[in-house]
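# A structural walkthrough
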Amino acid sequence: MRYMNIKGVDKPISRLFMGTGDLRKLEEPERMMLDAYIRAGGNAFDTAHQYRGKELVLGQWLTEQKNREKVVILTKGAHHDDGSPGPRVNPEAIRKDLTESLERLGTEYVDLYALHRDDPDVAVGPIIEELNVHLEAKRIRTIGASNWSHKRIQEANEYAAAHKLTGFSFSSPNLSLAKPNVPRWEGCVSADEETCGWHSVNQLPLLAWSAQAGGFFSGNFTPDNRTDEEMVRVYYSENNWERYRRAAKLAEEKQVSPIQIALSYVLNQSFPTCAIIGPRNPEELDSSIQAMNLPLTEQEVEWLDLKGRRLRND
């Protein structure tokens, strides 16, 4: 396993986060996957208040294993429509969601706390001030933003600096080799070229959700197969099929799979990145670990993303 550091967290953080979106109960298959991830050196879990039962299941497992201090928890709050209709990115929602998340997880603090959505109509000042209250109380170790534009993150961090407060130390948008035509879900943000450039300049860590583009590079999809309406809507485009062709070509050369190339692309950016994964079995976990350890050159990353040329023949 490879690790990185995020300001405010005193533990190294595995570059593969275990997602909890499919963690509906705690039975033998779920325990097997969680145990396999820990044995592989993983220590970071992604969850959210909006995932409802997932925090409870993760908390139950942490209690059973008595390993809270050995792991890193990322949870998120202030999601739209979580308990009430419409945007709810405000101090009251943050307070409510964080309190309930801590209760569900059975812990006194979370290592990383992110706002799950943004509401550009809300000023950044009261949001940063509220989050700093929880930092001071040690209910949160560090704060970040999921699905915020880099411009809003910059604005929030400038406010924090001007008022001697702590700003965002990480961002968690979608980042994948396949570029979405439209947001996969309402209010979602994907890291475009400008966003990646901003992250490169600022070296702000990016925790990528849907890093493998919903399995677009798995080989289960073709331009003619349009049965999965969501995949067609979000990822089917000529440019993405060209990215798939290039990933397949590079995978053949490196004797790996296209989906491993796609994950390696996310983990070989010019700024610190982690990938949130959701393996369904130990084999998929092993595949992700192999991809994490697969180096790509800057030229290969750019070529996969339809920029520039590789030094060898295309």
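What comes next concerns the included structure. Just so it is clear, the model here is predicted, and its values are computed rather than measured.

It is worth spelling out the pairing of strand β7 (residues 140–145) at this point. Of all six residues making up β7, five are buried, and the element is well covered by its neighbours. Pairing of strand β6 (residues 110–115) with β7, which is carried by five bridges, proceeds in the parallel orientation. By the bridge assignment for β7, L115 is matched with A145. For the handedness criterion, the β-α-β arrangement of β6, helix α4 (residues 124–136) and β7 is classed as right-handed. At this point the chain moves from β7, through helix α5 (residues 150–162), to the parallel strand β8 (residues 170–171), and the crossover so formed is right-handed.

A few words on the packing of aromatic side chains. What the rule picks out here adds up to twelve aromatic pairs. Considering the side-chain rings of W148 and F168, the 5.3 Å spacing of their centres and the 80° angle between planes classify their relative orientation as edge-to-face. A residue pair is termed long-range when its members are at least 10 positions apart, and W148 in the loop between β7 and α5 and F168 in the loop between α5 and β8 qualify at 20 residues. Judged by relative accessible area, F168 falls into the buried class, the value being 4%. We note R68 situated over the ring of Y109; from NZ or CZ to the ring centre the distance is 4.2 Å. The ring of Y109 carries the charged tip of R141 above its face, separated from the ring centre by 3.9 Å.

What is expected of a backbone is that most residues other than glycine have negative phi and most peptide bonds are trans. The phi angle at N147 is positive, at roughly 65°, despite the residue not being glycine. By secondary structure assignment, the location of N147 is in the loop between β7 and α5.

Conventions we followed
Residues numbered from 1 in each chain as written. Predicted model: local features only at pLDDT ≥ 70, side-chain atom pairs only at ≥ 80, totals over all residues. Heavy atoms only, no water. Buried < 20%, exposed > 50% of the residue type's maximum accessible area, 1.4 Å probe, protein only. Helix = DSSP H or I, 4+ residues; strand = E, 2+ residues; numbered from the N terminus. Pairing = 2+ DSSP bridges. Right-handed = clockwise from strand over helix to strand, strands pointing away. Phe/Tyr/Trp six-rings, centres within 6.5 Å; stacked < 30°, edge-to-face > 60°. Lys NZ or Arg CZ within 6 Å of the ring centre and 35° of its normal.

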